[in-house]
Amino acid sequence: MLDLNRLKALHAVHVYGSVGAAAEALMVTPSAVSQQIAKLERETGSRLMERNGRGVRLTDAAGLLAEHAERILALVETAEADFEALRGAVVGRLHVGSFPTAARGLMPPALKRLREHHPDLQIQLIEREPERVVREVARGELDLGVIQDWLNRPMAIPEGLSKAILLDDIADVIVPADHQLADRKEIGLAELSGERWISSSPGTICHDWLVYTLRAAELEPEITTMADEYPTQLALVAGGAGCAIVPRLGRDCMPAGVRAIPILPRQTRRIYAIWRTDAARRPAIRAAVEALKDAGADISSMRS
């Protein structure tokens, strides 16, 4: 009898390409993944991993077994979802991935609602960048994801995933309090020519969006400072390092010495919940999405 946890470990190595990457996705240690595959080798009587330079690679037998494992794990998930739907109870465990700003600003009130109304539901939350959340929800490694995109640069959602809008989050330009435009009520993007910019790291959604948006306004961005967390960007603006464009959900603690000014045209990112369409019948998924919608509605009403 093949053990499901061992099949899951093998499948993760097959998908992610290494024991270390599989361990990170499964939130266990690399040695735990290696031990599971070693036990699977004994169960099957087949060699599943072999040395490849300084790393390892899966054998042909392992590749075949990993393909079967993908189908087996999908069937197990479907059975669990059907059973939960039959019971109608919000129970079990949900693995949720969220990008950092939403993990800090949106998830806490949603988790509080779930604890109050569904105490038998366990939530395991992990921070992930949106692109990774999409991949891991699609693969079944996460049950639910919270992601973002920008209205002028939407993200494609793969087939098989459903989504619900949680919040529209407006972004403003943040300038030092002594900036020549600091007393303005609104600023057009074209007026920000020649500014030094603070941005997140290259390859992240917000960095790529900033470059795209400024170039669309015929501005060539001079990015002199990079910091991934919005509180760090705000502190850097206060220190005179440059300007930043920061969504309002990321501004829970504004330091002294900065001004937030609305931009024309409005720059808005949309925050979504995503889940596998086949899992939508799980009461736990439905309850978590509703809690996230309620939290998003509360944030929107406080700003209106």
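Just above, that's the structure.
Values in this document were obtained by computation on a predicted structure and should not be read as measured data.

Rules of the game
Residues numbered from 1 in each chain as written. Predicted model: local features only at pLDDT ≥ 70, side-chain atom pairs only at ≥ 80, totals over all residues. Heavy atoms only, no water. Helix = DSSP H or I, 4+ residues; strand = E, 2+ residues; numbered from the N terminus. Contact = heavy atoms within 4.5 Å. Areas by Shrake-Rupley, 256 points an atom, 1.4 Å probe, with all protein chains shown as cover. Lys, Arg positive; Asp, Glu negative; His and termini not counted. Charge placed at Lys NZ, Arg CZ, Asp CG, Glu CD. Salt bridge = Lys/Arg side-chain N within 4 Å of Asp/Glu carboxyl O. Buried < 20%, exposed > 50% of the residue type's maximum accessible area, 1.4 Å probe, protein only. Core = buried A, V, L, I, M, F, W, Y, C linked by side-chain atoms within 4.5 Å. Axes fitted to C-alpha atoms, helices over the stretch in contact; angles between N-to-C directions. Parallel < 35°, antiparallel > 145°, perpendicular 65-115°, else oblique. Nonpolar A, V, L, I, M, F, W, Y, C, P; charged D, E, K, R; others polar. Phe/Tyr/Trp six-rings, centres within 6.5 Å; stacked < 30°, edge-to-face > 60°. Disulfide = S-S within 2.5 Å. Arc of directions from axis to C-beta. Polar contact = N/O pair within 3.5 Å; in protein donor to acceptor, adjacent residues only side chain to side chain.

Student: Would you mind showing me how to read the overall build of the protein chain here?
Tutor: The number of helices and strands found in the protein chain is ten helices and eleven strands. Taking the principal axes of the C-alpha coordinates as reference, the protein chain spans close to 75 × 50 × 30 Å. Contacts in the protein chain between residues far apart in sequence, at least 24 positions, make up 75% of those at least 6 positions apart. Only carbon and sulfur atoms are counted for the fraction: they give 51% of the accessible area of the protein chain, which is about 15100 Å². Positive and negative side-chain charges of the protein chain, numbering 37 and 41 respectively, have mean locations separated by a distance of 3 Å.

Student: Could you clarify how one ought to interpret the pattern of salt bridges in this entry?
Tutor: Pairing of side chains with opposite charge becomes possible as their charged atoms draw close. Going through the model one piece at a time under the given rule, you end up with 17 salt bridges. Of the charged contacts in the structure, one is a salt bridge between Asp 252 and Arg 104, with a shortest N-O distance of 3.7 Å. With Asp 252 in the loop between β10 (244–247) and β11 (258–276) and Arg 104 in helix α5 (residues 100–105), the pair connects residues that are 148 residues apart, well separated along the chain. We classify Asp 252 as exposed; its relative accessible area is 56%. Residue Arg 282 pairs with Asp 143 through a salt bridge whose shortest N-O separation is 3.4 Å. Highlighted residues: Arg 282 in the loop between β11 and α10 (283–303) and Asp 143 in the loop between α7 (130–139) and β5 (144–150), separated in sequence by 139 residues. Of the two residues examined, Arg 282 and Asp 143, each falls in the buried class. Several salt bridges share partner residues, and in doing so they unite Glu 24, Arg 128, Arg 132 and Glu 136 into one network.

Student: What is the right way to read the nonpolar core from this model?
Tutor: Counting 39 residues, the largest nonpolar core has Ile 147, Val 173, Leu 192, Trp 197, Ile 245 and Ile 274 as its most contacted members. Apart from residues no more than four positions distant in its own chain, Ile 147 is found in contact with Phe 99, Pro 130, Val 133, Val 134, Met 155, Ile 157, Arg 270, Ile 271, Tyr 272 and Ile 274. By size, the runner-up hydrophobic cluster in this structure holds 29 residues, among which are Leu 121, Leu 144, Val 146 and Ile 285.

Student: Before we go on, may I ask you to explain the environment of Ala 66 in this structure?
Tutor: Relative to the helices and strands, Ala 66 is located in helix α4 (residues 60–87). Residue classification places Ala 66 among the buried residues on the basis of a relative accessible area of 0%. A C-alpha to C-alpha distance of 42 Å links Ala 66 and Ala 297, two positions 231 residues apart in sequence. Other than its neighbours up to four places away in sequence, Ala 66 contacts Leu 10, His 11 and His 14.

Student: For this particular structure, what's the right way to read the environment of Glu 50?
Tutor: Within the secondary structure, Glu 50 sits in strand β1 (residues 49–52). Those residues in contact with Glu 50, other than ones at most four positions away along the chain, are Gly 55, Val 56, Arg 57 and Thr 59.

Student: Any chance you could explain the packing of helix α2 (residues 19–26) against helix α3 (residues 30–44) here in plain terms?
Tutor: A pair of packed helices is characterised by two quantities: the angle between their axes and the separation of those axes. Where α2 meets α3, the closest approach of the two axes is 8 Å, and the angle between their N-to-C directions is 105 degrees. Between α2 and α3, the interaxial angle falls into the category roughly perpendicular. Contacts between α2 and α3 involve Val 19, Gly 20, Ala 23 and Leu 26 from the former and Pro 30, Val 33 and Ser 34 from the latter. Across the contact of α2 with α3, the residue classes tally to five nonpolar, two polar and no charged.

Student: Mind showing me how you'd approach the packing of aromatic side chains here?
Tutor: Each pair of aromatic rings is reported with the distance of its centres and the angle of its planes. One pass over the full model with this rule turns up one aromatic pair. Here Trp 150 and Trp 209 contribute two aromatic rings whose centre-to-centre distance is 3.7 Å and whose plane-to-plane angle is 10 degrees, an arrangement assigned as stacked. Of this pair, Trp 150 sits in strand β5 while Trp 209 is found in helix α8 (residues 205–216), placing the two residues 59 residues apart along the sequence. Residue Trp 150 is classed as buried on the basis of its relative accessible area of 2%.

Student: Looking at this structure, how should I read the side chain of Arg 6?
Tutor: The residue Arg 6 is located in helix α1 (residues 4–16) in this model. Classification of Arg 6 as buried rests on a relative accessible area of 17%.

Student: Can you help me understand the state of the cysteines in this one?
Tutor: As used here, a disulfide is simply a covalent bond connecting the sulfur atoms of two cysteines. The full count for this structure, using the stated rule, is zero disulfides. Sulfur of Cys 206: no disulfide; nearest cysteine sulfur belongs to Cys 243 and is 17 Å away. By relative accessible area, which is 1% here, Cys 243 ends up buried.

Student: I would appreciate a short explanation of α2 in the present structure.
Tutor: Residues lying three or four places apart along an α-helix face the same way, a consequence of the helix completing one turn every 3.6 residues. Those residues of α2 lying buried are Val 19, Ala 22, Ala 23 and Ala 25. Looking straight down α2, one finds that the buried residues subtend no more than 165 degrees of arc, so they occupy a single side. Here the buried face of α2 lies against α1, α3, β1, β2 (55–58) and α7. The N-capping residue of α2, defined by a side-chain oxygen 3.0 Å from the backbone nitrogen of Ala 21, is Ser 18. Met 27 occupies a position one or two residues after α2 and carries a positive phi of about 60 degrees.

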